[in-house]
Amino acid sequence: MTMHPVRRQRLILVLVLVTLSSAAVGFVTFAMRENMDYFYAPSAFAAGEVPVEKRIRAGGCVVPGSLQRADKNLEVQFVITDGEAELTVAFDKILPDLFAEGEAAVITGRLMPNGILRADQVLAKHDETYTPPEVAESMVSHKSCAGGAKI
Amino acid sequence: MAWQWFHRLGSPRWFYQKTGAWLPWLALASAVLLIVGSIWGLGFAPEDAKQGNSYRIIFVHVPAAFLALAGYYLMAVSGAIGLIWKMKLAFAVMRAAAPIGAVLTFIALFTGAIWGKPTWGAYWVWDARITSMLILLFLYIGVMALSQAVNREQVADRACALLALVGTVNIPIIYKSVDWWFTLHQPATLRLTEASSIDPSMFYPLLTVIIGFYCMYAWTLLTHTRTLLLRREIRTKWVQQVLTEGK
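No experiment lies behind these values; they were computed from the predicted model shown.

## A few points about the overall build of chain A
- Summing up its helical and strand segments, chain A has four helices and six strands in all.
- Whereas a compact globule of 151 residues would reach a radius of gyration of roughly 15 Å, chain A reaches 23 Å, over 25% beyond that.
- C-alpha extents for chain A along the principal axes are approximately 80 × 45 × 25 Å.
- Put simply, chain A has 151 residues, and 39% of those count as buried.
- Contacts in chain A between residues far apart in sequence, at least 24 positions, make up 54% of those at least 6 positions apart.
- Charged side chains of chain A number 15 positive and 18 negative; the gap between the two group centres comes to 13 Å.

## Overview of the pattern of salt bridges
Residue and element names in this part refer to chain B.
- Scanning the model with the defined rule gives ten salt bridges over all chains in all.
- Arg95 is the salt-bridge partner of Asp157, the closest N and O atoms lying 2.9 Å from each other. Here Asp157, found in helix α6 (residues 153–167), pairs with Arg95, found in helix α4 (residues 88–119); they are 62 residues apart in sequence, far enough to count as distant.
- For Asp157, a relative accessible area of 3% corresponds to the buried category.
- Overall, Arg95 belongs to the buried group, its relative accessible area being 15%.
- Residues Asp157 and Arg232 are paired through a salt bridge, measuring 2.5 Å at the closest nitrogen-oxygen approach. Taken together, the residues Asp157 in helix α6 and Arg232 in helix α8 (residues 200–232) connect sequence positions 75 residues apart. The pair Asp157 / Arg232 is uniform in exposure class, with both members buried.
- Residues participating in the shared-partner salt-bridge network are Arg95, Glu153, Asp157 and Arg232.

## Topic: the packing of helix α1 (residues 5–31) of chain A against α6 of chain B
- Their axes nearest at 8 Å, the elements α1 of chain A and α6 of chain B cross at an angle of 45 degrees. Here α6 of chain B runs oblique to α1 of chain A, going by the angle between their axes. At the point where α1 of chain A passes α6 of chain B, the crossing takes the right-handed sense. In this structure, α1 of chain A contributes Val14, Leu17, Val18 and Ser21 of chain A to the contact, and α6 of chain B contributes Leu162, Leu165 and Val166 of chain B.
- The residue makeup of the contact of α1 of chain A with α6 of chain B, split by class, is six nonpolar, one polar and no charged.

## Some details on the interface of chain A and chain B
- Contact residues are listed per partner, giving 42 residues for chain A and 46 residues for chain B.
- Here chain A and chain B share an interface that buries about 3900 Å² over both sides, 66% of which is from carbon and sulfur atoms.
- It is Tyr38, Glu128 and Tyr130 of chain A that lose the most area in chain A upon contact with chain B, and together they represent 20% of the buried surface on that side.
- Scanning the region where chain A abuts chain B turns up two salt bridges.
- With a shortest N-O distance of 3.0 Å, Lys50 of chain B and Asp127 of chain A are connected by a salt bridge.
- Connecting chain A to chain B are 16 residue pairs in polar contact (both at pLDDT 80 or more).
- Where the side of chain A that touches chain B is concerned, the elements lending two or more residues are α1, α2 (33–36), β6 (117–125) and α4 (133–138) of chain A.
- For the side of chain A that touches chain B, the element with the most residues is α1 of chain A, which contributes ten residues.
- Counted by class, the side of chain A that touches chain B contains 23 nonpolar, ten polar and nine charged residues.

## A short note on the confidence of the model for chain B
- Per-residue confidence for chain B gives a mean pLDDT of 93, with 99% of residues at or over 70.
- The ipTM for the predicted assembly is 0.86, set against a pTM of 0.91.

## Some details on the packing of aromatic side chains
- Applying the stated criterion across every chain yields a total of twelve aromatic pairs over all chains.
- Ring centres 4.9 Å apart and planes at 5 degrees place the aromatic pair Phe39 of chain A and Phe182 of chain B in the stacked group. Pair noted here: Phe39 of chain A is in the loop between α2 and α3 (42–46) and Phe182 of chain B is in the loop between α7 (170–180) and α8, and the two residues belong to different chains.
- Ring geometry for Phe203 of chain B against Tyr204 of chain B: centres 5.4 Å apart, planes inclined by 70 degrees, an arrangement best described as edge-to-face.
- Residue Phe203 of chain B is classed as partly exposed on the basis of its relative accessible area, which comes to 21%.
- Take Tyr204 of chain B: its relative accessible area is 44%, and that puts it in the partly exposed class.
- The structure contains a cluster of three or more aromatic residues connected by ring pairs, namely Tyr130 of chain A together with Tyr55, Phe59 and Trp115 of chain B.
- Taking NZ or CZ as reference, Arg33 of chain A lies 4.2 Å from the ring centre of Phe30 of chain A, over its face.
- Positioned above the aromatic ring of Tyr38 of chain A, the side-chain terminus of Arg57 of chain A is 3.8 Å from the ring centre.

What counts, and where the lines are drawn
Per-chain numbering applies: the sequence of each chain, read as written, is numbered from 1 onward. Note on labels: chains are lettered from A, ligands numbered from 1, in written order. A pLDDT threshold of at least 70 governs which residues receive local features in this predicted model, and a stricter bar of 80 or more applies before side-chain atom pairs are shown or counted, although totals over entire chains, interfaces and linings include all residues. Excluding hydrogens and water, the side-chain figures rest on all heavy atoms present in the structure. In this text, helices come from DSSP runs of H or I with a minimum length of four residues, and strands from runs of E with a minimum of two, each type numbered from the N-terminal end. All radius of gyration figures rest on C-alpha atoms, and the globule criterion is 2.2 Å times the number of residues raised to 0.38. Relative accessibility decides the category of a residue: with a 1.4 Å probe and only protein chains considered, values under 20% of the type maximum give buried, values over 50% give exposed, and everything between is partly exposed. By definition, residues are in contact when any of their heavy atoms lie within 4.5 Å. By the counting rule applied here, Lys and Arg register as positive and Asp and Glu as negative, while His and the ends of each chain are not counted. Think of each charge as sitting on NZ of Lys, CZ of Arg, CG of Asp or CD of Glu. The salt bridge criterion pairs a side-chain nitrogen of Lys or Arg with a carboxyl oxygen of Asp or Glu, the two atoms within 4 Å. Helix axes use the C-alpha atoms of the stretch in contact, all axes being lines fitted to C-alpha atoms, and the angles between their N-to-C directions lie in the range 0 to 180 degrees. Any angle that falls under 35 degrees is termed roughly parallel, while one over 145 is termed roughly antiparallel, one within 65 to 115 roughly perpendicular, and all others oblique. By definition, turning the near helix anticlockwise from the far helix through less than a right angle yields a left-handed crossing, and turning it clockwise yields a right-handed one. Residue polarity follows a fixed list, in which Ala, Val, Leu, Ile, Met, Phe, Trp, Tyr, Cys and Pro are nonpolar, Asp, Glu, Lys and Arg are charged, and the others, Gly among them, are polar. The term buried area denotes the loss of accessible surface (1.4 Å probe radius) that occurs when two parts are joined, taken as the sum for both partners. Counting of polar contacts relies on pairs of N or O atoms within 3.5 Å, with two restrictions inside protein: one atom must be capable of donating a hydrogen and the other of accepting it, and residues adjacent in sequence are counted only when both atoms are side-chain atoms. pLDDT is defined as a per-residue confidence score from the predictor, taking values between 0 and 100. The aromatic pairing rule takes the rings of Phe, Tyr and Trp, using the six-membered ring of Trp, and pairs them if the centres are within 6.5 Å, calling planes under 30 degrees apart stacked, those over 60 edge-to-face and the rest tilted. Lysine and arginine charges are scored as sitting over a ring when NZ or CZ, respectively, is within 6 Å of the ring centre and within 35 degrees of the ring normal.

The following block contains the structure:
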């Protein structure tokens, strides 16, 4: 089964077009890979890669037991982790419904010189598992970032 | 000749006559699957332990997103076949796929926004998944605009095919964005190579709706392609025959 030479030539041209344009986009995306991340992980904060007092985003797993609420106002503090480093977050508005310890969260705010992230928005990042309540209760660990603290 | 079947497939008249018989079956299959899947998913599948009932928008969101991505490949491959074999039918399929894909992409983005508010706490964020999906919408709209912008049909066909082919790079980016970068969007639930992380009681209705969406896509694509063929081939004898005899 041989192809007509003209058609074969056009096929090669199409393949070259797709390959070259994909490579171009691939290189640009690779060069900008750090800007493609929606947020910084806590280890990037620990490594000093995050600018101080600029509006940035952080994401990680809320460390179980770290959530502290103030008695008089909405002020809360919690710690997020990526399994390597931890970051303390302070927030004074209402947390989203799905926000929970052991679940991931994405925080927009400013890193204070004292190393605490002052948040103006907290988003809950839910995982990709869907389970009925009965099944979830019977599972030993249903927390999305228990163990590996995957984000 | 080994390529004969392929060239016969490229005959608009043959395509029009063959596909006419498939349409009622596809319509029936998609209606049954979508109705059964929707009732099953919305009424009988259990609620999610964390998200409650709000997860049920998955029964529209995921099938629409699946077809938006698969439909782009179909559009680009049709464009490539059109370019290589100068096949009018392939160009007609390519042009028909653009508005359908645009609608599906819009549905995926829109249902995603509705889903995002109660779960994440925001309708829209500029993370890699959502932004690359928006680019997909613009690519579909670009192909649609290009097909209208050029008067000479053959020039428009080729321009659309080139844009569609260049845009294919976006599809693996959309698909892998949640694994390559930190995103707010969660990774894939349905996986081909490993077990899916969704309970079977929710997976089967979802699968039903996905197959229903595929049937509906096929029906819509064939219907739209047939209309485009009649318009493009209006001067030929077979179209005049179809139009006067009504078959």
